[in-house]
Amino acid sequence: MAEYPIVSVLVPILNEEANLLSCLSALAQQTYPKDRFEILIADGGSTDSSLQIIKSFNDVLSITVIDNSERKEAEWGKALAFNASKGKYVQCVDADMTPSSPDFFLRLVSVLESDPSLAGIAAGYVPSPRLSVWSRFLSYDEFQRDPLFQVLTPSMDKFVVERHADHDICEFPTPRVPPMGGTTMLRRELVNLNRWGGRWSEIDGVAFLVKQGHQRFGYITDIGWIHQHCTSLGQLLSKRRRNILGISHGFLHSSPERDFVWLDTSDRGELMRLMAFIVSAQLIVPEFLKGIRDARAFRSWEQLLRPVVALTIVDTLLYEFVRSREGRRFIRSMI
């Protein structure tokens, strides 16, 4: 590139001392020019050593700390960081995410600079020995989709229109996109936070841009994000309860501000696939055979956990749906 554009990295935190050191260390090792690379950290009022860790990187990184202690919400913190940013490109990063390569940001920006038609560029998750066994299991999927979410959402391969040596170009004809929002670098000029009441809703961001006619996105294929999605099966189940049930920002919550939809209840085909998966999870053997298939394909024994993950997620969510008023309402709407 003849000129390096400014890249803004937005990081919401709240007591992230366990993750910040590795996150900031990985950002400090990036080959992208440091004077064109700004990090905006929205702190929700941390009481641990997070702020001290941040200060230790002031000599090697351009870091701005923004006070998010009033709202504390991560989505609100991302919005505050975005409003203070100056970059041509913006990337949200959770404190438990690290890029897998020192050339990560250089690679993403290079693709965006070479193709002005792209609204953004994503990179999937990659497995790492540093992750828990449950996160490694999920990371063999491009967006850490568990078996249930693999049924509910499409993969990137479905949308590839061009293949290059180290990246693909995808076009999305409808907002039913993969859950790529949290991994995608976007052109700042296209982001409109008014859509989500001033918050930054990453999971909805790509779907909203597709609705606006920005259908082309890049996808890096050989490097990605290392993400400690969960450290135990119980933590994974807790996240799925939040994701699926109709909480204020749950993925099935019916709201005019939502653009990304995990399940289209008006599509009989989708509902039939979901019911088939529920039966498959209960029978155990079909998911066990899929686990063996994936273990051989990825040369990863963690894929043998698939029947355990599938069964526990399905049974936990069915239980929560039955005991939840909003869950029962959702079941009645499907019927």
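Source: prediction; values computed, not measured.

Participant: What am I meant to see in the packing of aromatic side chains here?
Facilitator: Aromatic ring pairs are described here by two measures, namely the spacing of the ring centres and the angle between the planes. Across all of its chains, the model carries 14 aromatic pairs by this definition. Geometrically, the ring pair formed by Phe260 and Trp262 is edge-to-face, given 5.1 Å between the ring centres and 75 degrees between the ring planes. Phe260 gets classed as buried once you look at its relative accessible area, which sits at 2%. Taking the relative accessible area as the measure of exposure, Trp262 reaches 3% and is therefore buried. Feature note: the residues Tyr4, Tyr32, Phe37, Phe104, Phe105 and Trp225 constitute an aromatic cluster, connected by ring pairs. The ring of Trp76 carries Arg71 above its face, with NZ or CZ at 3.8 Å from the centroid. Above the ring of Phe82, the side-chain terminus of Arg188 is found at 4.3 Å from the ring centroid.

Participant: Where do I start with empty space enclosed by the protein in this structure?
Facilitator: Over the atoms, a rolled probe matching the size of one water molecule traces out where space is still vacant. In this structure the tally under the stated criterion is 1 cavity of 30 Å³ or more. Space inside the largest cavity adds up to approximately 110 Å³. Around the largest cavity, the lining is made up of 14 residues, and of these Leu186, Val191, Trp200, Gly205 and Val206 lie nearest the centre. For the lining of the largest cavity, the secondary structure elements donating two or more residues are strand S9 (184-187) and helix H7 (202-211). A per-element tally of the lining of the largest cavity places H7 first, with 5 residues.

Participant: Help me understand the packing of helix H10 (residues 285-298) against helix H11 (residues 306-323) in this model?
Facilitator: Closest axis-to-axis distance for the H10/H11 pair is 8 Å, and the angle between their directions is 140 degrees. Here H10 is positioned oblique relative to H11, judged by the angle of their axes. The way H10 lies across H11 gives a crossing that is right-handed. Residues Glu287, Phe288, Lys290, Gly291 and Asp294 of H10 touch H11, and the partners they reach there are Arg306, Pro307 and Ala310. Its residues placed into classes, the contact of H10 with H11 shows 3 nonpolar, 1 polar and 4 charged.

What counts, and where the lines are drawn
Residues numbered from 1 in each chain as written. Predicted model: local features only at pLDDT ≥ 70, side-chain atom pairs only at ≥ 80, totals over all residues. Heavy atoms only, no water. Phe/Tyr/Trp six-rings, centres within 6.5 Å; stacked < 30°, edge-to-face > 60°. Buried < 20%, exposed > 50% of the residue type's maximum accessible area, 1.4 Å probe, protein only. Lys NZ or Arg CZ within 6 Å of the ring centre and 35° of its normal. 1 Å grid on protein atoms, 1.4 Å probe; cavity = no way out; pocket = protein on both sides within 12 Å on 5 of 7 lines; lining within 4 Å. Points joined across faces, edges and corners; volume = space filled by probe spheres on them. Helix = DSSP H or I, 4+ residues; strand = E, 2+ residues; numbered from the N terminus. Axes fitted to C-alpha atoms, helices over the stretch in contact; angles between N-to-C directions. Parallel < 35°, antiparallel > 145°, perpendicular 65-115°, else oblique. Left-handed = near helix turned anticlockwise from the far one by under 90°. Contact = heavy atoms within 4.5 Å. Nonpolar A, V, L, I, M, F, W, Y, C, P; charged D, E, K, R; others polar.

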